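Analysis of the macromolecular model
For reference, the chains in residue letters:
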Amino acid sequence: MPLIVQKYGGTSVGSTERIMAVAKKIIAAKSQGNDIVVVVSAMSGETNRLVNLAKEIAEPPNAREFDVLLATGEQVTISLLSMALTEQGCPARSYTGGQVSILTDNTHNKARILEINDQKIRNDLNQGKVVVVAGFQGVDADNNITTLGRGGSDTTAVALAAALKADECQIYTDVDGVYTTDPRVVPDARRLEQICFEEMLEMASLGSKVLQIRSVEFASKYNVPLRVLSSFEDGPGTLITMENNKMEKALISGIAFSRDEAKLTLVGVKDRPGIAAHILTPISEANVEVDMIIQNKGENNTTDFTFTVHRNDYTKALNILNDLKELETKEILGDDKIVKISLVGVGMRSHAGIATTMFRILADEGINIQMISTSEIKISVIINEKYLELGVRSLHTAFGLEEAQKPA
Ligand code: ADP
Ligand code: ASP
Ligand code: MG
């Protein structure tokens, strides 16, 4: 019998009515002759509520206890969904991450899945049950509860699909697929029939949170057929494919953006071998991830050194710089009102000049570019946050993303 892993996100299970509706959808898929394993997120808003509760008590909260707290959100949903299924005549069983044995490493708050024991799930499926698993959580080797990072239920679903060798992993959410850009920012955005893993990975890591990055990595590594669909309406959704076939010959496949950016600049820092390492070592030792880096030669053996970090790490990074010894610098500047916009497309590989077009489009809107970074299949710019919507919309229109794209 074909096996499908379905994942329902927060909005999809945001109320008991929604949970009843999801149960109906699951029963319909099962009655078509499929075995079904379901992964659910916490009800919408719940994880944020828990995060805020913790912050009222400690900041940062103890990582282990924080995971114990965060994992409760999903536990509520698995039980309610199993009740809804049973109530509608479909035998079901719920499991927390620990109960089905989703073994992770011990990096609290962003743990990695190491191993899944599928025995319990297989037994239940053999008895005709639907298995409902809590997303976003697991346990480490010492049985401590761990969580997988925000958006982690996607990764639970893909990891289960890989472990069970499922025929498809379906991610049900509040949009009906992966779009050329976030449809909440560009209402004209177009749903993609398919997108290849390489591009999806880039979109996810540059800010398109429709799929957690790790879930895309996992699916690509274990060859899991992955589809993003709406839990509210029927439709084909978007298939994430291994191959970049004809649809993807488009120059640009999508525009990703991230509001979680902040930058720090050391102005007129004494230029000497080792200065970059001197600045960035304490930053990485504090577990702050650095994204873009720019160093410009200035006058009199000085240099301007700028780098970006996640906005949540901004104050931490600024404090580290201010405490840095043996740093002869004129000034340390910080700006946490910046955003990153990125064009993504494997088609860029074979085309020069896209960056120039991008910069021209932004210039025509009077948008100043503060930093630039490129790779073979993406171009990212940092701009002031107040121009985010304008920038994304202008680029989306100028690159013709809302129209049906003709294969090249
Ligand atoms: P869930 O709770 O189901 O996991 P998420 O909020 O994590 O849902 O992800 C779905 C959201 O991702 C959409 O509501 C949409 O606003 C956002 N999103 C960002 N970029 C894209 C994109 N390129 N295509 C589709 N949705 C996107
Ligand atoms: N509930 C978790 C979060 O809000 C995990 C998820 O929804 O994927 O991040
Ligand atoms: Mg999500």
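Notes on the structure in this doc start here. What you see is a predicted model; the values in this text were computed from it and never measured.

Some remarks on the pairing of strand β12 (residues 238–241)
- As paired elements, strand β10 (residues 194–196) and β12 share 3 bridges and run parallel to each other. Residue pairing across strands places Ile-195 opposite Ile-240, the latter belonging to β12.
- One ladder, built from 3 bridges, connects strand β11 (residues 226–230) with β12; its direction is antiparallel. Within β12, the residue paired with Leu-226 across the bridge is Ile-240.

Considerations on helix α11 (residues 354–364)
- Within the sequence span of α11, burial applies to Ile-354, Met-358, Ile-361 and Leu-362. Angularly, the buried residues of α11 cover 95° about the axis, an arc narrow enough to put them on a single face. Facing away from the buried side of α11, by more than 90 degrees, are the exposed residues Thr-356, Arg-360 and Asp-364.
- Two residues or fewer past α11, Gly-366 is found with a positive phi of approximately 75°.

Overview of the site of ligand 2
- Around ligand 2, the neighbouring residues are Ser-41, Ala-42, Thr-47, Glu-74, Phe-136, Arg-150, Gly-151, Gly-152 and Ser-153.
- In the environment of ligand 2, a nitrogen atom lies 2.8 Å from a nitrogen or oxygen atom belonging to the side chain of Thr-47.
- Within the contact set of ligand 2, a nitrogen atom lies 2.7 Å away from a side-chain nitrogen or oxygen of Glu-74.
- Contact with the protein chains hides 87% of the accessible area of ligand 2, taken as 260 Å² for the molecule alone.
- Split into classes, the residues belonging to the shell around ligand 2 amount to 2 nonpolar, 5 polar and 2 charged.

Criteria and thresholds
- Residues numbered from 1 in each chain as written.
- Chains lettered and ligands numbered in written order.
- Predicted model: local features only at pLDDT ≥ 70, side-chain atom pairs only at ≥ 80, totals over all residues.
- Heavy atoms only, no water.
- Pairing = 2+ DSSP bridges.
- Helix = DSSP H or I, 4+ residues; strand = E, 2+ residues; numbered from the N terminus.
- Buried < 20%, exposed > 50% of the residue type's maximum accessible area, 1.4 Å probe, protein only.
- Arc of directions from axis to C-beta.
- Near = heavy atom within 4 Å.
- Polar contact = N/O pair within 3.5 Å; in protein donor to acceptor, adjacent residues only side chain to side chain.
- Areas by Shrake-Rupley, 256 points an atom, 1.4 Å probe, with all protein chains shown as cover.
- Nonpolar A, V, L, I, M, F, W, Y, C, P; charged D, E, K, R; others polar.

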